[in-house]
Amino acid sequence: MTDSTPTLKARLRTDLTASMKARDALTTGTLRMALAAVGVAEVAGDTARELSDAEVLAVLGKEVRKRKEAADAFAGAGRAELADKERAESAVLTAYLPAQLDDEELAGWVAEAVEQVAQDTGAPVTPRQMGVVVKAVQARAAGRAEGGRIAAAVRAALA
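In this text, all values refer to a predicted model and were calculated from it rather than measured experimentally.

A. View of helix 2 (residues 25–43). End to end, helix 2 covers 27 Å across 19 residues, agreeing with the expected 27 Å (1.5 Å per residue, within 8%). Listed in full, the buried residues belonging to helix 2 are Thr27, Thr28, Thr30, Leu31, Ala34, Leu35, Ala37, Val38 and Glu42. Tucked inside the fold, the buried residues of helix 2 contact helix 1 (8–21), helix 3 (53–76) and helix 4 (80–94). Positive backbone phi, at 95°, marks Gly45, one or two positions downstream of helix 2.

If you want it as structure tokens, here you go:
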């Protein structure tokens, strides 16, 4: 980047160094795993490349989702200590993600997207066009709402 704003990946590395100096094992391990996931994403595909901040956010979002799913699985299996560890790792990574949309804000974005699709097609939006509306809201939300929440809000608006 040409400006003085550090990239998200650089911030992760800086925070990793700080957590290592502070001997914070949880944060150190979590940030190492996150940076490894970013590295894997960078070399995936035909050529290696540097990820943009938006792409790094997407990787971190996937890692948070994995941790939440693992925590639920461990809790369901009666492994509370492992579930707690996964939740703690999820909390560390969540600090790097943008603030999540609240339900009212998400509903407003869905209503705007439905209105836009109706204008584009010249006809009322039906549940068959749910994918078009979901795609529009996801593009605008850019990591601030999970796909499942967006789909549920669109389904409720079109019902």
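B. A look at the packing of helix 3 against helix 4. Interhelical geometry of helix 3 versus helix 4 gives an angle of 160° and a closest axis separation of 8 Å. With respect to helix 4, the element helix 3 is oriented roughly antiparallel. Seen from above, helix 3 lies across helix 4 with left-handed handedness. Facing helix 3, whose interface residues are Leu60, Glu63, Val64, Arg67, Lys68, Ala70, Ala71, Phe74 and Ala75, helix 4 presents Leu82, Ala83, Glu86, Arg87, Glu89, Ser90, Leu93 and Thr94. Class assignment for the residues of the contact of helix 3 with helix 4 results in nine nonpolar, two polar and six charged.

C. Looking closely at the nonpolar core. Among the nonpolar cores identified, the biggest contains 19 residues, and Leu106, Val110, Val133, Val137, Ile150 and Val154 are the most heavily contacted of them. Mapped by element, the contributors of at least two residues to this core are helix 5 (103–121), helix 6 (130–141) and helix 7 (147–158). The biggest single contributor to this core is helix 5, with six residues. In this view, Val133 contacts Val110, Ala113, Val114, Val117, Val125 and Val154; residues no more than four positions away in its chain are not counted. If you look at the next biggest cluster of nonpolar residues, it comprises 17 residues, including Leu8, Val38, Val56 and Leu97.

D. Region of the structure containing the side chain of Thr30. In this structure, Thr30 sits in helix 2. The exposure class of Thr30 is buried, given its relative accessible area of 0%. Excluding residues within four positions of it along the chain, Thr30 makes contact with Glu89, Val92 and Leu93.

E. Summary view of helix 7. Over its twelve residues, helix 7 extends 16 Å from the first C-alpha to the last, a length consistent with the 16 Å expected when each residue adds 1.5 Å. Taken as a whole, helix 7 has its buried residues at Ile150, Ala151, Ala153, Val154 and Leu158. The buried side chains of helix 7 occupy one side of the element, clustering within an arc of 165° when seen end-on. Relative to its buried face, helix 7 has exposed residues pointing more than 90 degrees away, namely Gly148 and Ala156. Contacts from the buried residues of helix 7 go to helix 5 and helix 6.

About the cut-offs
Residues numbered from 1 in each chain as written. Predicted model: local features only at pLDDT ≥ 70, side-chain atom pairs only at ≥ 80, totals over all residues. Heavy atoms only, no water. Helix = DSSP H or I, 4+ residues; strand = E, 2+ residues; numbered from the N terminus. Expected span 1.5 Å × (residues − 1). Buried < 20%, exposed > 50% of the residue type's maximum accessible area, 1.4 Å probe, protein only. Contact = heavy atoms within 4.5 Å. Axes fitted to C-alpha atoms, helices over the stretch in contact; angles between N-to-C directions. Parallel < 35°, antiparallel > 145°, perpendicular 65-115°, else oblique. Left-handed = near helix turned anticlockwise from the far one by under 90°. Nonpolar A, V, L, I, M, F, W, Y, C, P; charged D, E, K, R; others polar. Core = buried A, V, L, I, M, F, W, Y, C linked by side-chain atoms within 4.5 Å. Arc of directions from axis to C-beta.

These figures capture arrangement, not role.
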